[in-house]
Amino acid sequence: MSQPRARIVIIGGGPGGYEAALVAAQLDAKVTVIEEDGLGGACVLTDCVPSKTLIATSSMMADLEDAHGLGIRFDAAETGVAAAAASQAGGFPNVRHASADAPRIYSRIRDLAHAQSSDVAARLAAEGVDVIIGRGRLVRPGVVAVGETELAADTVLIATGARPRVLADATPDGERLLTSRQIYDIDELPRELIVVGSGVTGAEFASAFQALGSQVTLVSSREHVLPNEDTDAAMVVEDVFRRRGMTVLGRSRATFARRTSDGVEVGLADGGTAHGSHCLLTVGMVPLTSELGLESGKVEVDQRGFVTVDRVSRTSAPGVYAAGDCTGVWMLASVAAMQGRIAMWHALGEAVRPLRLGHVAATIFTEPEIATVGVSQQDVDRGVVSARVVKLPLATNARAKMDGFGDGFVKLFARLNSGTVLGGVIVAPRASELILAVSLAVEQQLTVDQVAQTFAVYPSLTGSITEAARKLMVPME
Ligand SMILES: Cc1cc2nc3c(=O)[nH]c(=O)nc-3n(C[C@H](O)[C@H](O)[C@H](O)COP(=O)(O)OP(=O)(O)OC[C@H]3O[C@@H](n4cnc5c(N)ncnc54)[C@H](O)[C@@H]3O)c2cc1C
């Protein structure tokens, strides 16, 4: 007699939820996803996908800005009929005067996000996953409710994500005082944008809007931008920000933000103020775990409200798992998705490897990008890991010279005796793509000798990865 199909109910349709649903469906479970906004979650609709779509445009603008350095001269302005024709054909009528068409940028972002959400919905439908639009809550372990309807489940996955934190004295109004989820709803490019918070989200938006033509002021409560990242990398990015005309206010905690008659005013801890046309608040995320019935389900949360999970995504309640931003483990789409998949493999009795955060590749999509994987400089400096470190500036790389940039480096960490690659940092345009080579080395426990003996194309930025590995090779006695 065949076993009854396992019943899985997932609350939240972001990457933590929908990737789990796909795994569970593949393992022949009966899967229901409850989502109150749209499939793909905040990741697809308001956060990751929209911000990276914005950055695709801002990178193009930055390239145009730098084009004269590569010997490109733009011809005199096209006007009248020629300009209109070029614009209608989807091109710039006059590249020399390229400027951001904010309504078009924002509508492209919204369209792309909705298209991506539809793709997720179609994929789930094709795999036989039931989707219920509504707000889910845990009634008790094994029972989830949506409105008046109760669903029985052998396994429940909580994947409800997080929302932007707001400050008591800086209430977003969706017009001038904005969270990262509201920035695409205004109909203009902020003329003078004050970004409060210099973590990953703040730095990415500051970089993008500066490239698009906004005058950006970045308010950082810490000594330098990106305080939790590799300091060498953060310093390169801060230097580029300043050279491109951004005002970076270090050690300047924002105390309030409010509207004025024609813009915004941001109060600073030293008593000063900053003025601009708009203010973007990027001061962290808070988990969406209240009003979820977690107490009645006996699911523990920590002091900040994040669901407590182990490395196979189990919560304190039997049969209840959690994945993604609501756990606060590492707020990345890739981590959310992996936590969700691991939860399903574990719940459905498959062999599973617990989550390994030491192998997560992450990128900050500033200009230039910062990509990291494995151990960090901090780990080495604090003696948590014994490693040899080499840092190669890209300024001497032939390909970097040809492409016209000199800001960036490749850094590799290798275990002292064995030479096993433990991690790396790349600061470069498209570092998000380049880091895979280091990721592979970390995942497969390759030694610096093996990386050094791997062919890289000449000329290429990846040539600096193999060169860094060569520098870490210990000569035979
Ligand atoms: C501006 C920004 C840019 C980012 N860029 C990147 C990036 O480039 N790369 C990267 O890896 N990560 C990025 N992230 C982080 C990434 O977006 C998150 O880590 C990811 O969205 C987490 O996925 P999740 O499934 O946990 O939550 P979400 O994507 O937030 O999805 C959770 C879903 O649950 C739904 N939900 C909540 N409560 C209920 C309920 N009670 N009932 C039903 N549904 C509910 C919500 O509506 C939401 O759709 C970015 C974040 C921000 C803010």
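Note that this is a predicted model, so its numbers are computed, not measured.

Caption draft 1: Representation of the overall build of the chain. Helix and strand content of the chain: 14 helices and 23 strands. The C-alpha atoms of the chain give 24 Å as radius of gyration, which agrees with the globular expectation for 477 residues (23 Å, within 12%). C-alpha extents for the chain along the principal axes are approximately 75 × 75 × 50 Å. In the chain, which comprises 477 residues, the proportion classed as buried is 47%. Restricting to contacts in the chain with at least 6 residues of sequence separation, those with at least 24 account for 62%. Accessible surface computed for the chain: about 23,200 Å², of which carbon and sulfur atoms make up 50%. Side-chain charges of the chain comprise 43 positive and 54 negative groups, with the mean position of each set lying 3 Å from the other.

Caption draft 2: Structural detail: the side chain of Gln339. Along the chain, Gln339 falls in helix H8 (residues 333–347). When neighbours within four sequence positions are excluded, Gln339 is seen to be in contact with Val309, Ser313, Ala323, Gly324, Thr327, Val329 and Leu355.

Caption draft 3: Representation of the sheet that holds strand E18 (residues 320–322) within the structure. Pairing is parallel across the open sheet formed by five strands, whose spatial order is E3-E2-E1-E7-E18. Each edge of the sheet is formed by a strand with only one pairing partner; in this case those strands are strand E3 (130–133) and E18. Strand-to-strand twist of the sheet, defined as the mean angle between neighbouring strand axes without regard to direction, takes the value 20°. Sheet analysis places strand E2 (residues 30–35) next to E3, joined by four bridges and oriented parallel. The partner of Thr32 across the bridge, within E3, is Asp130.

Caption draft 4: Quick peek at the site of the ligand. Inspection of the region around the ligand gives 34 residues, with Gly16, Glu35, Gly136, Asp325 and Ala333 positioned closest. Within the backbone of Gly16, an N or O atom sits 2.9 Å from an oxygen atom of the ligand. For the ligand, whose free accessible area comes to 990 Å², the fraction covered by protein is 92%. Every element with two or more residues in the shell around the ligand is listed here: helix H1 (15–26), E2, helix H2 (41–45), helix H3 (48–66), helix H6 (200–212) and H8. For the shell around the ligand, a count of residues per class yields 14 nonpolar, 13 polar and seven charged.

Caption draft 5: Local environment of the layout of surface pockets. When its volume is computed, the second largest pocket comes out at roughly 870 Å³. As for the second largest pocket, its lining consists of 31 residues, and the residues nearest its centre are Ser59, Asp63, Glu367, Pro429 and Arg430. Within the residue set of the lining of the second largest pocket, elements represented by two or more residues are H3, helix H7 (231–243), helix H10 (398–403) and helix H11 (431–434).

Caption draft 6: Representation of unusual backbone geometry in the model. In this structure, the amide linkage connecting Glu367 to the following residue, Pro368, adopts the cis form with an omega of 5°. By the element assignment, Pro368 lies in the loop between strand E19 (362–364) and strand E20 (369–374). For the peptide bond that leads from Tyr458 to Pro459, omega is -5°, which places it in the cis range. Looking at where Pro459 falls in the secondary structure, it is placed in the loop between helix H13 (448–452) and helix H14 (463–472). A positive phi angle, close to 55°, is found at Glu291, a residue other than glycine. Considering the arrangement of structural elements, one finds Glu291 in the loop between strand E17 (285–287) and E18. Glu291 sits in the exposed class, given a relative accessible area of 64%. Phi is positive for Ser313, close to 70°, though the residue is something other than glycine.

Caption draft 7: Spatial organisation of the nonpolar core. In this structure, Leu54, Tyr106, Phe209, Leu226 and Ile370 are the most contacted members of the largest nonpolar core, which totals 43 residues. If you list the elements that add at least two residues to this core, you get H3, helix H5 (102–126), strand E10 (192–196), H6, strand E11 (215–219), H7, strand E22 (409–415) and strand E23 (421–428). In this structure Tyr106 touches Ile183, Tyr184, Ile186, Glu188, Leu189, Pro190 and Phe209, once residues within four positions along its chain are discounted. Core analysis: the second largest hydrophobic core is formed by 27 residues, Ala400, Ile426, Ala431 and Ala452 among them.

Caption draft 8: Molecular detail of the packing of aromatic side chains. As enumerated under the stated definition, the model contains three aromatic pairs in all. Arranged with centres 6.4 Å apart and planes meeting at 70°, the rings of Tyr106 and Tyr184 form a pair that is edge-to-face. Here Tyr106, found in helix H5, pairs with Tyr184, found in the loop between strand E9 (177–179) and E10; they are 78 residues apart in sequence, far enough to count as distant. Summarising the burial analysis for this pair, Tyr106 and Tyr184 share the class buried.

Caption draft 9: Structural detail: the environment of Thr179. Relative to the helices and strands, Thr179 resides in strand E9. Residue Thr179 is classed as buried on the basis of its relative accessible area of 9%.

Caption draft 10: Expanded view of the packing of H1 against H8. Following both chains from N to C, one finds H1 and H8 inclined at 35°, their axes separated by 7 Å at the closest point. Crossing handedness for the pair H1 and H8: right-handed. Contacts from Pro15, Gly16, Glu19, Ala20, Val23 and Ala24 in H1 reach Ala333, Ala336, Ala337, Gly340, Arg341, Met344 and Trp345 in H8. Of the residues belonging to the contact of H1 with H8, the class tally is nine nonpolar, two polar and two charged.

Procedures and definitions
Residues numbered from 1 in each chain as written. Predicted model: local features only at pLDDT ≥ 70, side-chain atom pairs only at ≥ 80, totals over all residues. Heavy atoms only, no water. Helix = DSSP H or I, 4+ residues; strand = E, 2+ residues; numbered from the N terminus. Rg over C-alpha atoms; globule rule 2.2 N^0.38 Å. Buried < 20%, exposed > 50% of the residue type's maximum accessible area, 1.4 Å probe, protein only. Contact = heavy atoms within 4.5 Å. Areas by Shrake-Rupley, 256 points an atom, 1.4 Å probe, with all protein chains shown as cover. Lys, Arg positive; Asp, Glu negative; His and termini not counted. Charge placed at Lys NZ, Arg CZ, Asp CG, Glu CD. Pairing = 2+ DSSP bridges. Axes fitted to C-alpha atoms, helices over the stretch in contact; angles between N-to-C directions. Near = heavy atom within 4 Å. Polar contact = N/O pair within 3.5 Å; in protein donor to acceptor, adjacent residues only side chain to side chain. Nonpolar A, V, L, I, M, F, W, Y, C, P; charged D, E, K, R; others polar. 1 Å grid on protein atoms, 1.4 Å probe; cavity = no way out; pocket = protein on both sides within 12 Å on 5 of 7 lines; lining within 4 Å. Points joined across faces, edges and corners; volume = space filled by probe spheres on them. Core = buried A, V, L, I, M, F, W, Y, C linked by side-chain atoms within 4.5 Å. Phe/Tyr/Trp six-rings, centres within 6.5 Å; stacked < 30°, edge-to-face > 60°. Left-handed = near helix turned anticlockwise from the far one by under 90°.

Interpretation in functional terms is not warranted from these geometric data alone.
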